[in-house]
Amino acid sequence: MLEAVIVDDEVKALQSLSWELTNLSDEVDIVASFTDAHEALSYLERNTPDCLFLDIEMPAMDGFQFIKNLKNKNFPVVITTAYNQYALKALKNEAIDYLLKPIDTDDLEVTIEKIKKYNTKNITSEKLEKILLNFNADSHNKKITINTDGKLLFLNSDDILYAESDGNYSTIFLSDGQKILLTKKLKEVNNLLPDTSFFRIHNSYIINLNKIKEFLKTDGYVVLESNHKIPVSRQKKSDFLDML
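Calculation criteria
Residues numbered from 1 in each chain as written. Predicted model: local features only at pLDDT ≥ 70, side-chain atom pairs only at ≥ 80, totals over all residues. Heavy atoms only, no water. Pairing = 2+ DSSP bridges. Helix = DSSP H or I, 4+ residues; strand = E, 2+ residues; numbered from the N terminus. Axes fitted to C-alpha atoms, helices over the stretch in contact; angles between N-to-C directions. Contact = heavy atoms within 4.5 Å. UniProt positions renumbered as here; feature names shortened; annotations may be inferred. Buried < 20%, exposed > 50% of the residue type's maximum accessible area, 1.4 Å probe, protein only. Core = buried A, V, L, I, M, F, W, Y, C linked by side-chain atoms within 4.5 Å. Phe/Tyr/Trp six-rings, centres within 6.5 Å; stacked < 30°, edge-to-face > 60°. Arc of directions from axis to C-beta. Polar contact = N/O pair within 3.5 Å; in protein donor to acceptor, adjacent residues only side chain to side chain.

### Let's talk about the sheet that holds strand S3 (residues 51-55)
Sheets are built from strands that pair by backbone hydrogen bonding, the pairs being arranged parallel or antiparallel. Taken together, 5 strands build an open sheet; the order of strands is S2-S1-S3-S4-S5 and the sheet is parallel. A single partner strand is all that each edge strand has here, and the edge strands are strand S2 (28-34) and strand S5 (97-100). Here the strands of the sheet are splayed against their neighbours by 20° on average, with no regard to which way each runs. Each of strand S1 (2-7), S2, S3 and strand S4 (77-81) is contacted by helix H1 (residues 11-24), which is oriented at about 170° to S2, the strand it contacts most. Against the sheet, helix H2 (residues 37-46) contacts S1, S2 and S3, and its axis sits at roughly 130° relative to S2.

### Here's the deal with the pairing of strand S11 (residues 198-202)
Two elements, S11 and strand S12 (residues 205-208), share 4 bridges in a ladder whose sense is antiparallel. When the bridges of S12 are listed, Phe 198 appears paired with Asn 208. The antiparallel pairing of S11 with S12 creates a hairpin that spans 2 residues between the two strands.

### Observations regarding the UniProt feature "modified residue: 4-aspartylphosphate" (unreviewed entry) in the protein
In the numbering used here, UniProt assigns the "modified residue: 4-aspartylphosphate" (unreviewed entry) feature to Asp 55. Relative to the assigned elements, Asp 55 resides in strand S3. Residue classification places Asp 55 among the buried residues on the basis of a relative accessible area of 3%. Residue contacts for Asp 55: discarding those within four places in its chain leaves Val 7, Asp 8, Asp 9, Gly 63, Thr 80, Thr 81 and Lys 101.

### Overview of the nonpolar core
Membership of the largest hydrophobic core comes to 23 residues, with the highest contact counts inside it found for Val 5, Val 7, Leu 44, Leu 52, Leu 54, Phe 66 and Ile 79. Every element with two or more residues in this core is listed here: S1, S2, H2, S3, helix H3 (63-69) and S4. Of the residues forming this core, the biggest block, 5 residues, is contributed by H2. With residues near it in sequence (within four places) discarded, Val 7 still touches Phe 34, Ala 37, Ala 40, Leu 52, Phe 53, Leu 54, Asp 55, Met 58 and Phe 66. One finds Ile 6, Leu 17, Phe 53 and Ile 112 within the second-largest nonpolar core, a separate group that totals 16 residues.

### Side note on the side chain of Thr 171
As for its placement among the helices and strands, Thr 171 is situated in strand S9 (residues 169-174). Not counting residues up to four positions away in its chain, the partners in contact with Thr 171 are Tyr 162, Ala 163, Glu 164, Lys 179, Ile 180 and Leu 181.

### Re the packing of aromatic side chains
Enumeration over the complete set of coordinates arrives at 3 aromatic pairs. Judged by centre distance (5.3 Å) and plane angle (50°), the rings of Phe 34 and Tyr 43 are tilted. Looking at Phe 34, the relative accessible area reads 11%, which means it is buried. Seen in terms of ring centroids, Tyr 162 and Tyr 205 are 6.2 Å apart; in terms of plane orientation they differ by 50°. Their pairing is tilted.

### Quick word on H2
Within the sequence span of H2, burial applies to Ala 37, Ala 40, Leu 41, Tyr 43 and Leu 44. Projection of H2 onto a plane perpendicular to its axis shows the buried side chains occupying an angular sector of 165°, all on one side. If you follow the buried residues of H2, they end up packed against S1, S2, S3 and H3. Taking the backbone nitrogen of His 38 as reference, a side-chain oxygen 2.9 Å away marks Asp 36 as the first, capping residue of H2.

### Describing the sheet that holds strand S14 (residues 221-224)
Strand order across the open sheet formed by 3 strands is S13-S14-S15, with antiparallel pairing between neighbours. Edge positions in the sheet fall to strand S13 (212-216) and strand S15 (229-231), since each of these pairs with one other strand and no more. Neighbour-to-neighbour, the strand axes of this sheet turn through a mean angle of 25°, independent of strand direction. Pairing between S14 and S15: 3 bridges, direction antiparallel. Paired with Val 222 across the strands is Ile 230, a residue of S15.

If you want it as structure tokens, here you go:
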């Protein structure tokens, strides 16, 4: 069952589309409809429908302003309007489809199929991510999961040399020379790494204890197998020695 929301300032247009959707398929359920854009935005902050049918020409806030003000965009948007000049702008605003009023039943059927495909694709992606994360959480399949650039990376802890902070970002350095930039603070990265083999040796660094080659006590540095020199902070020195 597709849960749909309709936003249109014209009551007759709203009722007409509701009637069309309800009679077109028993798979569509109109869960809410609004003639006031602000009320609709408030509703969509708390609820996530399967699709939104949105009129463009509305007083106070047009459809494109409405889309910009949407905080929750985890559903497809279908633009409905009596004016065909908005088609290109609708696509640029990531609308899944564009319906010209009066809405043709055949066009509406095609739109419903697009919505189904869109939602099936997204649900499949979310389920796959959950399966991978749950699989990785199993102690027999334990790897470090890094979520970056729209993909999940599964790293063996032994492949990681160290991680370095850069404000709100962090970089993970791998044994093969690769670098992985993350939009995470070092504290968040530290929570991803097993504390049995990784240690935050400095405010700006986490090291893999298994990769230490030398500890220069006088200089306050560790040297990794890659010959990277990492400073040991005074505050961490005692705890670091205990770990060793």
